[in-house]
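# Per-entry structural report
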Amino acid sequence: MLKKKAKVLTTAIEKELTNQNYDAVYRLAKELQSSDNSCLSTFERNEVMLIVQKAMAIATTWIGDANRSLPYAVEYVRIASEDMDTSTYADACHTLGYVHQRLSQNDEALKWFEESLQCSVKLGSNKPAADTMNNIGNVRLTQSNYACALEWYLEAQRKYLELNLLPEAATSQIGIGHVYRECGRLDFALEQYFEALGVLEKSIKRTNHAICLGNIGIVYQKLGDYEKSVEYLTRSMAELDALDLQGGVAMFEGNLGITFCAAGDSIRAIKCYENAINIYGKMGLALEQALFEANLGVEMSRLGRYDEALAHLSSAYEVELRAGRQEESAGALWHIGEIYASKESQYYDIDRGIELIRKAIETYQEIGSDYYLSKAHEAFADIYKQHDMWQECAYHLEQHHQYYAKVQSAEVRRQADMLGWERKVAEQTREREQQAVILARVQRDVERMAEQATNKNQLLDGIQSRLSALRPYVEKNGIEILEQLETAVQRNISSSDLRKQVEREVDELIETSGHDMQRRFPSLTKTELKVALLVGMGLTTTNIAAVLCVSERTVEFHRLNLRKKLKIDKHNDLKGTLFSLLNLCLIDVR
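Residues numbered from 1 in each chain as written. Predicted model: local features only at pLDDT ≥ 70, side-chain atom pairs only at ≥ 80, totals over all residues. Heavy atoms only, no water.

Turning our attention to helix α25 (residues 552–566). For α25, which comprises 15 residues, the first-to-last C-alpha distance of 21 Å matches the rise-based estimate of 21 Å (1.5 Å per residue) to within 8%. Of all the residues in α25, the buried ones are V555, H558, N561, L562 and L566. Summarising the axial view, the buried residues of α25 lie within an arc of 120°, below the 170-degree limit, and thus occupy one face. For α25, exposure combined with an orientation more than 90 degrees from the buried face picks out R553 and K564. Residue K567 follows α25 closely and has a positive phi angle near 55°. (Helix = DSSP H or I, 4+ residues; strand = E, 2+ residues; numbered from the N terminus. Expected span 1.5 Å × (residues − 1). Buried < 20%, exposed > 50% of the residue type's maximum accessible area, 1.4 Å probe, protein only. Arc of directions from axis to C-beta.)

Structural data, given as structure tokens:
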């Protein structure tokens, strides 16, 4: 009975993970974790532990508590690492990478994603490999490495489309939309989001559909179309609320507040900020709460509600300062300084106000934030103007214009860089297409030569056997002639001209993609590398033997060594795995 319950819960967890119903995943995982599993075998208990750690890591991350997810993800990897050549280990590494990503620990995230990717490729697991590529794209986007991010999204999308996984391909398209949005190409971003949305409308994975709606709302917000921004953000929140993903609801409700603020509707902006703050507060997510608490404080200050403004800004400042978020804490300090510097505030203290804003400027200088330095000096100039302190006002206006000019120059460079990385991606795409053409041509040539060599060898083998059959009937004087014929036949079976031609073709193949494969797997000998490339191209053992002028038994020996050195399980297809590795070598993992 207990065994049956564990199996039912495990199946239910896997189903809800597929459906992205993370609240249900969390509830079921807690139930499985607290169940009496004493009747299970050691192996079964280990399987239950794996499911629990995975489910808790993923569910708590999506619910919005990545800090609580980390111990589960680490334990998941620890248990799975008992056998590192399995899809479970690859999945565990991917999960740990994702948690580090949510915690903004990008280097650690990349480390575990790359470990997962290499394992998935070795196992021939194309869908998990594409999932990991997508997440590497997400990390590169966070690092503002737009060219690299775009390349990974495109590669993931290509793999998904090959597997006919359209909803997953749409998630890569959302990533491509993010790249264009961050680069200010909002029209291109909308195009990508709407194409993805069209696919996701038909998918059962409603989480990605809801997130796509929210991102469309953010783009319309940046375009100044507040009516459409409100429409899409509201739809996103409704879907996320139905899925009970409150962290997502809070994020887009806060963005809805930003939209109302930009539209001049302070009352509704404040209400949205308060709702987001309350949700994050219940979830114990202080950093996310501080982000919108600072926004709320600024809006309260605009309305002259200085008591509430100061309370919210001070709370946000303390949280952000403890978390080491310098830019955000400096922003809160700057707005607190403005409250003290305002003659309309009951807290009016010009000296303190100037001191706080100056501290914020020092922080901006320390982190090199020219945009906020421009804004802070402009605010400083306005304060001095209100107090008829014209010399100080002129100085800060001059500083504002200098930093503003630097910001504009940086924007011009960014636009130039954007054109540069777009050209780079186009060049890389052309290069991969050219490499694919070379690979296809070499494959055709090698297959043709293999077929010729096989046919020729079969013909000569037949002649050789017939010559051997003639030996008893040949007179003594004819034996010498017969032996000369046999030697000539044997020599032609292993044609030196054919061997040289094949060597040239295989060397060209190694030049195209083999160097990177040898770098990844330095234990491979040159012959093993050749066999790996030929197997990956789809040649049979017989054809490889003919091409390399060795016996089939020798080829089988090299195939066995490849499985051992690349840690490819006997249940996994050697040809498919080597083909995936060959393709992976055409892109830069970093």
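Within the secondary structure, G536 sits in helix α23 (residues 526–536). For the pair G536 and G576, spaced 40 residues apart in sequence, the C-alpha separation works out to 6.8 Å.

Bringing the confidence of the model for the protein into the picture now. Residues with a pLDDT of 70 or more make up 73% of the protein, whose mean pLDDT is 80. The low-confidence segment residues 586–590, where pLDDT is below 50, has 19 contacts with residues more than four positions distant or belonging to other chains. (pLDDT = per-residue confidence, 0-100. Contact = heavy atoms within 4.5 Å.)

If you walk through the whole model with that rule in mind, you get 12 salt bridges. With its nearest N and O atoms 2.7 Å apart, the salt bridge here joins E75 to R78. Of this pair, E75 and R78 both sit in helix α4 (residues 66–80), separated by 3 residues, roughly a single helical turn. Here E239 makes a salt bridge to R206, at a shortest N to O gap of 3.7 Å. Taken together, the residues span a long stretch of sequence, with E239 in helix α12 (residues 226–242) and R206 in helix α11 (residues 206–223) at a distance of 33 residues. (Salt bridge = Lys/Arg side-chain N within 4 Å of Asp/Glu carboxyl O.)

Next up on the list: the environment of S551. Here S551 shows up in the loop between α24 (541–548) and α25. Judged by its relative accessible area of 37%, S551 is partly exposed. When the C-alpha atoms of S551 and T541 are compared, they prove to be 9.2 Å apart, with 10 residues separating the residues in sequence.

What follows is about the side chain of E253. Structurally, E253 can be placed in helix α13 (residues 246–262). Sequence-distant contacts of E253, defined by excluding residues within four places in its chain, comprise M237, C272, N275 and A276.

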